[in-house]
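Results of the structural survey
If you want the building blocks of each chain, they are given just below.
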Amino acid sequence: MTQLIRTRVAPSPTGYPHVGTAFQALLNWVYAHKHQGQFVLRIEDTDQKRAVEGAEQVIYQALSWLEIEPDESPKHLGDYGPYRQSERLKIYQQYAQQLIDQDQAYYCFCSPTRLAKMRKQQQQADQPPKYDRHCCGLSKTEVARRLKNGEKAVIRMKIPNDQQIIVNDLLRGKVEFDSNIVDDQVILKSDGFPTYHLAVVVDDHLMKITHMLRGEEWLSSAPKHVLLYQYFGWSVPVMIHSPTLRNPDKSKLSKRKGNTSLWWYRKQGYLKEALLNFLALLVWKPHEDQEVFTKEEMVKNFAWSQLNFKAPVFDVAKLQWLNGLYLRKKSLSALVKEVRAWAEWVVAQDDQAAAKQVLVWLNKQPSLFKKALGLAQQRLKLLKEIPELLGFYFAPELDYDQADLLQKHSVKEMIQALTIIKQRLAKLDPWTAESWEQTIRDYADELGWKHRDLFMALRSAVTAERFTPPLFAVMQVLGRTKSLQRLEQASQFLQAVVS
Ligand code: GLU
């Protein structure tokens, strides 16, 4: 029988959804799907001081948004729950006790003051920080007596001396650790909560995890985990430690440097397809020269062995390029839907005025919105640009810039030009791009003006912007009446300047 592949992501609910969590979740999700396996979300909330209210919900929302849903989680349930570590305390306590019984762990009664003093001495002597095993030799009777007296104690695992501990990382190969520099790690705290080290081993085993990709910050703890697997007589799942994501300047991607919140990217209007593609591309591509691919292509072609862990660079410029690509690929109707979903989400998140405005346009003038979006689609890089790119279509009054309107001509000349153009365009039949353009070119020749000047002045009169889609296309979307009204408004604006 082939083995059922089970992978997992195990975030701690300590704040907003981190792009690093999304990255790890994606790779674990893809591998499970490739092998018709299962992907588990475990909530690692044993560090209660760091837990943030609502953070767990946000993790579900993030995975849901990216469409990398877990098969099992505190919310999705499953056969190996509970999936929230704070609900599994008895299980960890029982396994810690087993290690005590096997003489592979011991109670430690050292006070924080003693530990701090010990650390200071070690620092002064230039020694690595390591528990000095003060409580390791306590007799069973003494331990029992002190526990009975209600003395606070933690449980530490025993690390053997003079051993090479080998961590097998699927991609890094055998990583050897000298046991003499491994600390007698606390596995159960005095409040009965496990530390990460005990919990991760017990849970990965009981939840039948076969493969786990986690961050490389855990590689140095892996020898402790390997020992715990040995103590319990369990087999170690396949381990992969993925490299830390870095900024283009090679610094670690952190809250202070760059943006690490998935929600920040979502607010900017990055599409989930672009983000998933980008996250995968940090370490993988289906073929040497293929940078753009779907989640389905990932599932089809994925293998751990193809991962390229050479310093993955979180290059936002590349992400933006991908986003533009995915935005352009969408059908116009699909893009309208995407914009609505995005604006609704942004409004729900922080009541943002610009996103609210987008919803008003969408609801009140859906057809104008769709046409205007269609014209903007080619230039769009982020959904958050929409309020600004589309604003002029909906504005009752434009905020004109005199210099843009005049294009170096005098106010009088320009008023005159706008009036004549308006009259000629009003009579134009049919109202086509060719006839429209010809009218303007002919008139520029009559005036002896550069064609470009007249086009720029008209663009400014109709949109009050310098950069827009082709002017005729914009005027078609606005319609003849509104376009002509804008020429009128522009000449009134200029009249107000002279009077
Ligand atoms: N709770 C750990 C973290 O958030 C999970 C590490 C792991 O995947 O084992 O970093």
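Residues numbered from 1 in each chain as written. Predicted model: local features only at pLDDT ≥ 70, side-chain atom pairs only at ≥ 80, totals over all residues. Heavy atoms only, no water.

A few words on the packing of aromatic side chains. Following the criterion strictly, the structure yields 22 aromatic pairs and no others. Ring geometry for Tyr95 against Phe232: centres 5.3 Å apart, planes inclined by 85°, an arrangement best described as edge-to-face. Placement of the pair is Tyr95 in helix α3 (residues 89–101) and Phe232 in helix α7 (residues 222–232), with a sequence separation of 137 residues. The pair formed by Tyr95 and Phe232 is uniform in burial state, with each residue classed as buried. Taken together, the ring pairs connect Tyr31, Trp284, Phe293, Phe302 and Trp304 into an aromatic cluster. Over the ring of Phe109 we find Arg146, and its NZ or CZ is 4.4 Å from the ring centre. (Phe/Tyr/Trp six-rings, centres within 6.5 Å; stacked < 30°, edge-to-face > 60°. Helix = DSSP H or I, 4+ residues; strand = E, 2+ residues; numbered from the N terminus. Buried < 20%, exposed > 50% of the residue type's maximum accessible area, 1.4 Å probe, protein only. Lys NZ or Arg CZ within 6 Å of the ring centre and 35° of its normal.)

Right, let's get into the pairing of strand β1 (residues 6–9). Of the two faces of β1, the one holding Arg6 and Arg8 and the one holding Thr7 and Val9 are both buried throughout. In terms of strand pairing, β1 meets strand β2 (residues 38–41) through four bridges, oriented parallel. Looking at the pairing, Val9 lines up with Leu41 of β2. Regarding the hand of the β-α-β motif, the stretch spanning β1, helix α1 (residues 19–34) and β2 is right-handed. (Pairing = 2+ DSSP bridges. Right-handed = clockwise from strand over helix to strand, strands pointing away.)

Moving on, we come to the pattern of salt bridges. In this structure the tally under the stated criterion is 28 salt bridges. With its nearest N and O atoms 3.7 Å apart, the salt bridge here joins Lys381 to Glu385. For Glu488, the salt bridge goes to Lys422, with nearest N and O atoms at 2.5 Å. Separated by 66 residues along the polypeptide, Glu488 in helix α21 (residues 480–498) and Lys422 in helix α17 (residues 411–427) bring together distant segments of the chain. The exposure class of Glu488 is partly exposed, given its relative accessible area of 29%. One network of salt bridges, in which partners are shared, links Arg8, Arg42, Glu44, Arg88, Asp203 and Asp204. (Salt bridge = Lys/Arg side-chain N within 4 Å of Asp/Glu carboxyl O.)

Let us now look at the packing of helix α6 (residues 196–206) against α7. Packed helices, taken two at a time, are described by the angle between their axes plus the distance between the axes. The geometry of α6 relative to α7 is characterised by a closest axis approach of 10 Å and an angle of 55° between their N-to-C directions. Judged by the inter-axis angle, α6 sits oblique to α7. For the element pair α6 and α7, the recorded crossing hand is right-handed. Facing α6, whose interface residues are Tyr196, His197, Leu198, Val200, Val201, Val202, Asp204 and His205, α7 presents Lys224, His225, Leu228, Tyr229 and Phe232. Among the residues making up the contact of α6 with α7, the classes are represented as eight nonpolar, three polar and two charged. (Axes fitted to C-alpha atoms, helices over the stretch in contact; angles between N-to-C directions. Parallel < 35°, antiparallel > 145°, perpendicular 65-115°, else oblique. Left-handed = near helix turned anticlockwise from the far one by under 90°. Contact = heavy atoms within 4.5 Å. Nonpolar A, V, L, I, M, F, W, Y, C, P; charged D, E, K, R; others polar.)

Glancing now at the sheet that holds strand β4 (residues 154–157). With antiparallel pairing, three strands are arranged side by side in an open sheet as β3-β4-β7. What marks the edges here is a single partner per strand, and that holds for β3 (105–108) and β7 (186–188). Averaged over all adjacent pairs, the angle separating strand axes in this sheet is 45°, with direction ignored. The pairing of β3 with β4 spans four bridges and is classified as antiparallel. Its bridge partner lying in β4, Cys108 is registered against Val154.

To continue, consider the layout of surface pockets. Taken as a whole, the largest pocket encloses approximately 1200 Å³ of empty space. In terms of lining residues, the largest pocket is bounded by 43 residues, among which Ser12, His18, Thr21, Arg50 and Glu217 are the most central. Ranked by residues supplied to the lining of the largest pocket, first place goes to α1 with six residues. For the lining of the largest pocket, the per-class residue count stands at 19 nonpolar, 14 polar and ten charged. Taken together, 17 residues make up the lining of the second largest pocket; nearest its centre are Leu281, Leu282, Val283, Trp284 and Lys285. When its residues are assigned to classes, the lining of the second largest pocket shows nine nonpolar, two polar and six charged. (1 Å grid on protein atoms, 1.4 Å probe; cavity = no way out; pocket = protein on both sides within 12 Å on 5 of 7 lines; lining within 4 Å. Points joined across faces, edges and corners; volume = space filled by probe spheres on them.)

The next thing to look at is unusual backbone geometry. Cis geometry is adopted by the peptide bond preceding Pro82, which originates at Gly81 and carries an omega value of -10°. Mapped onto the secondary structure, Pro82 falls in the loop between α2 (55–65) and α3. A cis amide bond links Asp429 with the next residue in sequence, Pro430, at an omega value of 0°. By secondary structure assignment, the location of Pro430 is in the loop between α17 and α18 (433–447). Of note in this structure, Glu67 is not a glycine but carries a positive phi near 60°. Within the secondary structure layout, Glu67 lies in the loop between α2 and α3. Even without glycine at this site, Ala464 takes up a positive phi of about 55°. One can find Ala464 in the loop between α19 (451–463) and α20 (471–478). Here Ala464 falls in the partly exposed class, since its relative accessible area comes to 22%.

For an α-helix, 3.6 residues make a turn, and residues three or four places apart therefore share a direction. Listed as buried for helix α14 (residues 366–376) are Leu368, Phe369, Ala372, Leu373 and Ala376. For α14, the angular spread of the buried residues around the axis is 125°, confining them to a single face. (Arc of directions from axis to C-beta.)

Now for the pairing of strand β8 (residues 211–215). Of all five residues making up β8, five are buried, and the element is well covered by its neighbours. Relative to strand β9 (residues 238–242), β8 is paired through five bridges, and the arrangement is parallel. If you follow Gly215 over to β9, its bridge partner there is Ser242. Read as a crossover between parallel neighbours, the route from β8 over α7 to β9 is right-handed.

Right, let's get into the nonpolar core. Grouped together as the largest cluster of nonpolar side chains are 116 residues, with contacts concentrated most on Phe369, Leu390, Tyr393 and Trp436. If one sorts the elements of this core by residue count, α1 sits on top with ten residues. Contact partners of Leu390, with chain neighbours within four places excluded, come to Trp361, Phe369, Ala372, Leu373 and Ala376. Grouped together as the second largest cluster of nonpolar side chains are 52 residues, Cys110, Phe177, Val200 and Trp234 included. (Core = buried A, V, L, I, M, F, W, Y, C linked by side-chain atoms within 4.5 Å.)

For the rest of this paragraph, the subject is α20. Of all eight residues in α20, seven are buried; the element is thus mostly enclosed. Those residues of α20 that sit buried are Leu471, Phe472, Ala473, Val474, Met475, Val477 and Leu478. Those residues of α20 that are buried lie in contact with α14, α15 (386–394), α17, α18, α19 and α21.

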